[in-house]
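As a plain string of letters, each chain reads:
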Amino acid sequence: MDKIKNYIDTNKDRFLDELFELIKIPSVSAQKEHDSDVRKAAELIKNHLLKLNLDNCEICETQGHPIVYGEKIIDKNLPTILVYGHYDVQPVDPIELWDQDPFKPYIKNTKIHPEGAIFGRGACDDKGQMFMHIKALEIMMHQNNLPCNVKFMIEGEEEVGSDNLELFVKNNKEKLANDIILVSDTGMISKTIPSITTGLRGLSYMEVELTGPNRDLHSGHYGGTVANPINVLSKMINSLHDSNNKITIPGFYDNVIEMSSDERKELNKAPFNINEFKESIGLKLEDGELGYTTSERQSIRPALDVNGIWGGYTEEGAKTVLPSKASAKISMRLVPGQNWKRINKLFTEHILNIAPETVSVKVTEHHGGQPYVAPTNTIGFKAASMAYKDVFNLNPIPTRDGGSIPIIALFEQELDSKTILMGFGLDTDAIHSPNEHFGVSNFFNGIETITKFYFHFEKLFND
Ligand code: BES
Ligand code: MN
Ligand code: MN
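Residues numbered from 1 in each chain as written. Chains lettered and ligands numbered in written order. Predicted model: local features only at pLDDT ≥ 70, side-chain atom pairs only at ≥ 80, totals over all residues. Heavy atoms only, no water.

Some remarks on the coordination of the manganese ion (ligand 3)
Rules: Think of the donor list as every N, O and S atom within 2.8 Å of the metal, or within 3.2 Å for Na, K and Ca; water never makes the list, so a site can look incomplete. Only two sets of limits are used to name each site, 85 to 135 degrees for every angle of a tetrahedral four-donor site, and over 155 degrees for opposite donors with all other angles from 65 to 115 for a square planar four-donor or octahedral six-donor site, with any other site named irregular. Each residue's exposure class comes from its accessible area (1.4 Å probe, protein chains only) as a fraction of the maximum for that residue type: buried when under 20%, exposed when over 50%, partly exposed otherwise.
On the protein side, the manganese ion (ligand 3) has D125 (OD), E159 (OE), E159 (OE) and H432 (NE2) as donor atoms, found 2.1 to 2.5 Å from it. Taken together, the six donor atoms surrounding the manganese ion (ligand 3) define angles of 55 to 153 degrees at the centre, an arrangement classified as irregular. One chain supplies every donor for the manganese ion (ligand 3), spaced along it as D-x33-E-x272-H. For E159, a relative accessible area of 13% corresponds to the buried category.

Structure (structure tokens):
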């Protein structure tokens, strides 16, 4: 057994204990009541970096949640790796669907993770995955064998749009200068089939509020005489897709870069089982844009979804009411060629256009971000491939992911460097959902793969 594996093996239990300690902190960035917990998580990470002897460790204050930074510059001639991750997590609702407390992590065997999986909010997204980088660094520091300069930047606002990180990056270009950015916040194809994410979708997130009558009305007395904002909103939302499931907002597809048929063939060669896909989410039938496979719909095609809709009476029993207001939160996943700010504008114009005069309309923009596509002909990609090959005995398959990490496109724009997305989560790990988990072997394999990456990258860089 080599030195890396050996170190992981002897320190397994402690690695897990330390990760548990981090998961126990309910660092939900979206909820004010957790502000002090978010800070506690930042402190804990800073202490880990300090313990590893990183220099210039600090908690960088922002208008929102803090960013943790630390670095080890050993030699100006060596390449510099910037590690990015997030310590904030999604809210836990619906809490009643969790088998146990989301912030009391535990290990349980599952069909997909027979060796055990760590259950808890953030276990995979992104505490577990981010923590692999800290442990990989521990191995190299402990063995006195760090082959690259390293900078860690771990933020607390990824799940709420990274607005303050954007400013931090723009104001600290020198400090963050690097040769490659390394991120584990995505997935892999399966436990035994490694993959490297080469693309992320962008995001435009909007909210629509319709107002009809100036108060809730008796639905008997008034029903049939005035426009009901919920009825109107439903009609409007329904019209946003045509019968082929194409999005009907004028100009929406204008700049979408279509993949060539060769590229599409290549994409569809990656292992994907439609039956497993359906079974894993309890569906009989998939659905989506006509003319594309599910793999394509999930990654290289844009999508528009209502994330939440409300208005009127939704409590127990029945109340006869004709509501004054109706609202919906709507997200659009974007692909290369699309610009999120332009899409925000097109969406707003279209909603105002299709709303009847019987209601007044308010459209609000939430966060957004650009899609990202990573080249595969770089030494970063090659080093990552070699690292996966070492650990999984297979060359990783490049895959485009459907999720978004908006800051990655901004890194490229502001820091002029590429990101390698070395994800170790599985689609079935239920990130953002009840009973989120992360395979124990995914965690340890991830630590090993990341460590190997440093050595391959340094070699290729200086060749
Ligand atoms: N780690 C995810 C993104 C992700 C997950 C990408 C799986 C690819 C595969 C990240 O934490 C996330 O949830 N991003 C949000 C966007 C953000 C602006 C709230 C998303 O994709 O909804
Ligand atoms: Mn994440
Ligand atoms: Mn997330």
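Focus: the sheet that holds strand β18 (residues 437-439)
Operational definition: In this scheme, strands are said to pair when DSSP sees at least two bridges between them. By definition, any uninterrupted DSSP run of H or I lasting at least four residues is a helix, any uninterrupted run of E lasting at least two residues is a strand, and each is numbered from the N terminus. In this analysis, axes come from line fits to C-alpha atoms, helices being fitted only over the stretch in contact, and the angle between any two N-to-C directions falls in the range 0 to 180 degrees. We call two residues in contact when some of their heavy atoms are within 4.5 Å.
One open sheet holds the three strands; their spatial order is β4-β5-β18, and the pairing between them is antiparallel. Strands with a single pairing partner mark the edges of an open sheet, and in this sheet they are β4 (106-108) and β18. Neighbour-to-neighbour, the strand axes of this sheet turn through a mean angle of 30 degrees, independent of strand direction. Where strand β5 (residues 117-119) lies against β18, three bridges are found, and the strand directions are antiparallel. Bridge pairing links F119 to H437 in β18. Helix-sheet contacts for helix α12 (residues 440-462) involve β4, β5 and β18, and the interaxial angle to β18 is about 60 degrees.

Quick word on the coordination of the manganese ion (ligand 2)
Around the manganese ion (ligand 2), the donor atoms from the protein are H86 (NE2), D125 (OD), D185 (OD) and D185 (OD), and they sit 2.0 to 2.4 Å away. If you list the donors of the manganese ion (ligand 2) from N- to C-terminus, the spacing comes out as H-x38-D-x59-D. A separation of 3.6 Å is found between the manganese ion (ligand 2) and the manganese ion (ligand 3), which are bridged by D125. Linking H86 in strand β3 (residues 80-86) with D125 in the loop between β5 and α3 (127-142), this pair joins segments that are 39 residues apart in sequence. On the basis of relative accessible area, H86 is assigned to the buried category, the value being 0%.

Thoughts on the pairing of strand β13 (residues 325-334)
Counting buried positions along β13 gives seven out of ten residues, so the element sits mostly inside the fold. Across ten bridges, the pairing between strand β9 (residues 202-211) and β13 is antiparallel. Its bridge partner lying in β13, T211 is registered against K325. Pairing of strand β11 (residues 303-311) with β13, which is carried by eight bridges, proceeds in the antiparallel orientation. When the sheet's bridge partners are listed, G311 is paired in β13 with A326.

A short note on the environment of S327
Considering the arrangement of structural elements, one finds S327 in strand β13. A relative accessible area of 6% means that S327 is categorised as buried. Spatially, the C-alpha atom of S327 lies 6.3 Å from that of G311, the residues being 16 residues apart in sequence.

Observations regarding the nonpolar core
Stated formally: Put simply, a nonpolar core is a bunch of buried Ala, Val, Leu, Ile, Met, Phe, Trp, Tyr and Cys residues held in one set by side-chain atoms that sit within 4.5 Å of each other.
Among the nonpolar cores identified, the biggest contains 65 residues, and F152, F443, F453 and Y454 are the most heavily contacted of them. Apart from residues no more than four positions distant in its own chain, F453 is found in contact with I81, I180, L182, G380, A383, A384, A387 and M422. Residues L210, L304, A355 and V359 belong to the second largest nonpolar core, which totals 24 residues.

Digging into the sheet that holds β13
Across the sheet, four strands lie side by side as β11-β13-β9-β14; this open sheet has antiparallel pairing. In the strand order of this sheet, the two ends are held by β11 and β14 (360-369), each with one partner. On average, adjacent strands in this sheet sit at an angle of 15 degrees to one another, irrespective of strand direction. Here helix α5 (residues 229-238) sits on the sheet in contact with β9, β11 and β13, set at roughly 15 degrees to β13. Seen against the sheet, helix α9 (residues 340-354) touches β9, β11, β13 and β14 and runs at an angle of roughly 165 degrees to β14.

Points about the domain arrangement of the protein
Which entries qualify depends on this criterion: Domain extents, as shown, originate in an automatic or database domain assignment. A quick way to say it: buried area is the sum, across both parts, of accessible area lost when two parts are put together, with a 1.4 Å probe. Salt bridges are identified by distance alone: a Lys or Arg side-chain nitrogen within 4 Å of an Asp or Glu carboxyl oxygen. Throughout this description, a polar contact denotes any pair of N or O atoms lying within 3.5 Å of each other; where both atoms belong to protein, one of them has to be capable of donating a hydrogen while the other can accept it, and for residues adjacent in sequence the pair is counted only when both atoms sit in side chains. The residue classification treats Ala, Val, Leu, Ile, Met, Phe, Trp, Tyr, Cys and Pro as nonpolar and Asp, Glu, Lys and Arg as charged. All others, Gly included, are polar.
As far as domains go, the protein holds domain 1 (2-200 + 371-462) and domain 2 (202-256 + 302-367). On a C-alpha basis, the centroid separation for the pair domain 1 and domain 2 is 36 Å. Domain 1 puts nine residues into the contact, and the matching count from domain 2 is eight residues. Summed over both sides, the interface of domain 1 with domain 2 buries roughly 620 Å², with 61% coming from carbon and sulfur. Inspection of the region where domain 1 meets domain 2 yields zero salt bridges. Along the contact surface separating domain 1 from domain 2 lie two residue pairs in polar contact (both at pLDDT 80 or more). For the side of domain 1 that touches domain 2, a count of residues per class yields four nonpolar, four polar and one charged.

Things to note about the site of ligand 1
The criterion, for reference: Each residue is tested against the molecule or strand, and it is near if at least one of its non-hydrogen atoms lies within 4 Å. Here the accessible surface of atoms and residues is derived via Shrake-Rupley with a 1.4 Å probe, and residues count as covered only by protein chains that are part of the display.
Ligand 1 sits among 17 residues. The nearest are E158, D185, R333, S404 and H432. Between ligand 1 and S404 there is a distance of 2.8 Å, counted from a nitrogen atom to a backbone nitrogen or oxygen. Taken by itself ligand 1 offers 520 Å² of open surface, and the protein chains cover 87% of this. Two domains each provide a minimum of three residues to the shell around ligand 1, namely domain 1 (2-200 + 371-462) and domain 2 (202-256 + 302-367).

Here we look at α3
As a reminder, the rule being used: Expected span of a helix: the number of residues minus one, times 1.5 Å.
The terminal C-alpha atoms of α3, which comprises 16 residues, lie 22 Å apart, in line with the 22 Å expected from a rise of 1.5 Å per residue. By the criterion of burial, α3 is predominantly enclosed, with 14 of the 16 residues buried. Positive phi appears at N144, one or two residues downstream of α3, with a value of about 55 degrees.

Some remarks on the pattern of salt bridges
The final tally for this structure, using the stated rule, is 28 salt bridges. A salt bridge links E18 to R14, with the shortest nitrogen-to-oxygen separation between them at 3.0 Å. With E18 and R14 both in helix α1 (residues 3-23) and four residues apart, the pair spans about one turn of that helix. It is possible to trace a salt-bridge network through shared partners that takes in R14, E18, K135 and E138.

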